[in-house]
Amino acid sequence: MTHLEELQKNFINLRMGTFIHWNSAAVQFNTGDVEDWEFMRENGNEPRRYPFDEKDWNPAKLDCKQWAETAKAGGCRFAAYTAKHHEGFCTWPTEYSEHCVRNAANKTDVVKEYLTAFREAGIVAGLYFSILDLTAGFGRRSCTPEQVAAVKGQITELLTNYGEIPFIMFDGWGSPWGGPSYEALPFEEIDGLVKSLQPDCLSLCIGWTKDIEHSDICFYEGGAGQKLEGEFSGPGILCQKMTGTWFWRATDPETPPRSADWIVGLAEDCFSKNVNFMNNISPRADGSVDGNLRAAFAEVGKKLVLPAPIDELPAGWMRRG
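The following paragraphs examine the structure supplied in this document. (Residues numbered from 1 in each chain as written. Predicted model: local features only at pLDDT ≥ 70, side-chain atom pairs only at ≥ 80, totals over all residues. Heavy atoms only, no water.)

### Quick word on the nonpolar core
So, point 1. Counting residues in hydrophobic clusters, the biggest one holds 99 residues, and the most contacted among them are Phe11, Trp67, Tyr114, Phe118, Met169 and Phe170.
So, point 2. When neighbours within four sequence positions are excluded, Phe118 is seen to be in contact with Thr18, Ile20, Cys64, Trp67, Ala68, Ala71, Ala79, Ile123 and Ala125. (Core = buried A, V, L, I, M, F, W, Y, C linked by side-chain atoms within 4.5 Å. Buried < 20%, exposed > 50% of the residue type's maximum accessible area, 1.4 Å probe, protein only. Contact = heavy atoms within 4.5 Å.)

Okay, here's the thing in structure tokens:
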């Protein structure tokens, strides 16, 4: 078994995780019918409509320990947090952009707060990072050496300043809707940087389901309609949400989340194919988690039964090379 295969096996044995979507979209687009997924304009050669002002970032009730408690109650053993989403706002004080918490009304380093809380709770804590950056203009239409250097600088900060990061999830990359292609910015180039900084850190590319050529783990974005179909033996991961959108909406506190039985059924199907499952937490704009979502996670935790860990890689397990 290669070193990568050992990392993959250990990751799959975690089974249940959470995906925490909390970034500028929770502030900008929590009411009305505003077109929040503005990244769809990235390939449309249209100007942005909704730039985000850093000074509007001012969460009064940020509570990463509550996030961790919610995840723990839901049976989650690993987590990922959206340190930087497609809009480009960095929730840590990056030196490679002014569009970050350093210039916000609330300057809290959320990446640090999140990692500290989840590690203390005994949850394996990784990060999400969008390659696509609408504010910096970095994506399918513009992928200059200077922009690539800034992206690499931010990844280096995340994998240098915060201790061990077991995995980093990349998004907005190699996608038909936006972000640079793998030809313009090769997976091997970014994965090489990741492994040079932290040899035990997995590189996961959201939406890459074909094989492990461009991701250490096949990644199905269930909330975007990607389904786990046919025979599959791993390694994989699928994410889904109990609320209507990935990021918090003001109607969420009065809208019943999807049922725990639905989530558990999806998770069990994933586990049978050596695919991990991530249940989404969408904190409010103020940084707290709604009571109905916390209760829904706790109900999932009561009903969830995790399978025994695998010791050997099964036949059909995808291998690199």
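### Re the packing of helix α3 (residues 64-73) against helix α4 (residues 110-120)
A pair of packed helices can be characterised by two numbers: the angle between their axes and the separation between those axes.
So, point 1. Running from amino to carboxyl end, α3 crosses α4 at an angle of 40 degrees, the nearest separation of the two axes being 8 Å. Taken together, the axes of α3 and α4 are oblique relative to one another. Helix-helix and strand crossings are classified by hand; for α3 and α4 the assignment is right-handed. Taking contact as the criterion, the partners of Cys64, Lys65, Trp67, Ala68 and Ala71 in α3 are, on α4, Val110, Glu113, Tyr114, Ala117, Phe118 and Glu120.
So, point 2. Across the contact of α3 with α4, the residue classes break down as 8 nonpolar, no polar and 3 charged. (Axes fitted to C-alpha atoms, helices over the stretch in contact; angles between N-to-C directions. Helix = DSSP H or I, 4+ residues; strand = E, 2+ residues; numbered from the N terminus. Parallel < 35°, antiparallel > 145°, perpendicular 65-115°, else oblique. Left-handed = near helix turned anticlockwise from the far one by under 90°. Nonpolar A, V, L, I, M, F, W, Y, C, P; charged D, E, K, R; others polar.)

### Examining the side chain of Asn13
So, point 1. One can find Asn13 in the loop between α1 (3-12) and β1 (16-20).
So, point 2. You can call Asn13 buried: its relative accessible area is 16%.
So, point 3. Not counting chain neighbours up to four residues away, the residues in contact with Asn13 comprise Arg77, Pro309 and Ile310.

### A few points about the environment of Val124
So, point 1. With respect to the helices and strands, the residue Val124 is situated in strand β3 (residues 124-130).
So, point 2. Classification of Val124 by relative accessible area gives partly exposed; the value is 28%.
So, point 3. Linking Val124 and Asp171, residues 47 residues apart in sequence, is a C-alpha distance of 20 Å.

### A few points about the sheet that holds strand β4 (residues 167-171)
So, point 1. Spatially, the 8 strands line up as an open sheet ordered β5-β4-β3-β2-β1-β8-β7-β6, and their pairing is parallel. Across the chains shown, the open sheet's two edge strands, defined by having one partner strand only, are β5 (202-205) and β6 (218-221). On average, each strand axis in the sheet is inclined to that of its neighbour by 25 degrees, with strand direction left out of account.
So, point 2. Sheet strands touched by α3: β1, β2 (78-84) and β8 (275-281). Its angle to β8, the strand with the most contacts, is close to 135 degrees. (Pairing = 2+ DSSP bridges.)

### Overview of the layout of surface pockets
So, point 1. Taken as a whole, the largest pocket encloses approximately 450 Å³ of empty space.
So, point 2. In terms of residue class, the lining of the largest pocket is made up of 14 nonpolar, 8 polar and 3 charged. (1 Å grid on protein atoms, 1.4 Å probe; cavity = no way out; pocket = protein on both sides within 12 Å on 5 of 7 lines; lining within 4 Å. Points joined across faces, edges and corners; volume = space filled by probe spheres on them.)

### Quick word on the pattern of salt bridges
So, point 1. All chains considered together, the criterion is met by 14 salt bridges.
So, point 2. Between Glu189 and Lys152 there is a salt bridge, with the nearest N and O atoms lying 2.6 Å from each other. Here Glu189 is found in helix α6 (residues 187-197), whereas its partner Lys152 is found in helix α5 (residues 145-158), with 37 residues between them in sequence.
So, point 3. The closest approach of N and O atoms between Lys303 and Asp261, which form a salt bridge, is 2.8 Å. Residue Lys303 is found in helix α8 (residues 291-303), and its partner Asp261 is found in helix α7 (residues 260-271); the two are separated by 42 residues along the sequence.
So, point 4. A relative accessible area of 35% means that Lys303 is categorised as partly exposed.
So, point 5. Beyond isolated ion pairs, a larger network of salt bridges with shared partners links Asp191, Lys195, Asp216 and Arg320. (Salt bridge = Lys/Arg side-chain N within 4 Å of Asp/Glu carboxyl O.)

### Focus on the pairing of β5
For a regular strand, side chains alternate in direction, first toward one face of the sheet and then toward the other.
So, point 1. Alternating residues of β5 divide into Leu202 and Leu204 and Ser203 and Cys205, and every residue in both groups is buried.
So, point 2. Bridge count between β4 and β5: 4 bridges; the pairing is parallel. From the neighbouring strand, Phe167 faces β5, where its bridge partner is Leu202.
So, point 3. Following the chain from β4 across α6 to the adjacent parallel β5, one finds a crossover that is right-handed. (Right-handed = clockwise from strand over helix to strand, strands pointing away.)

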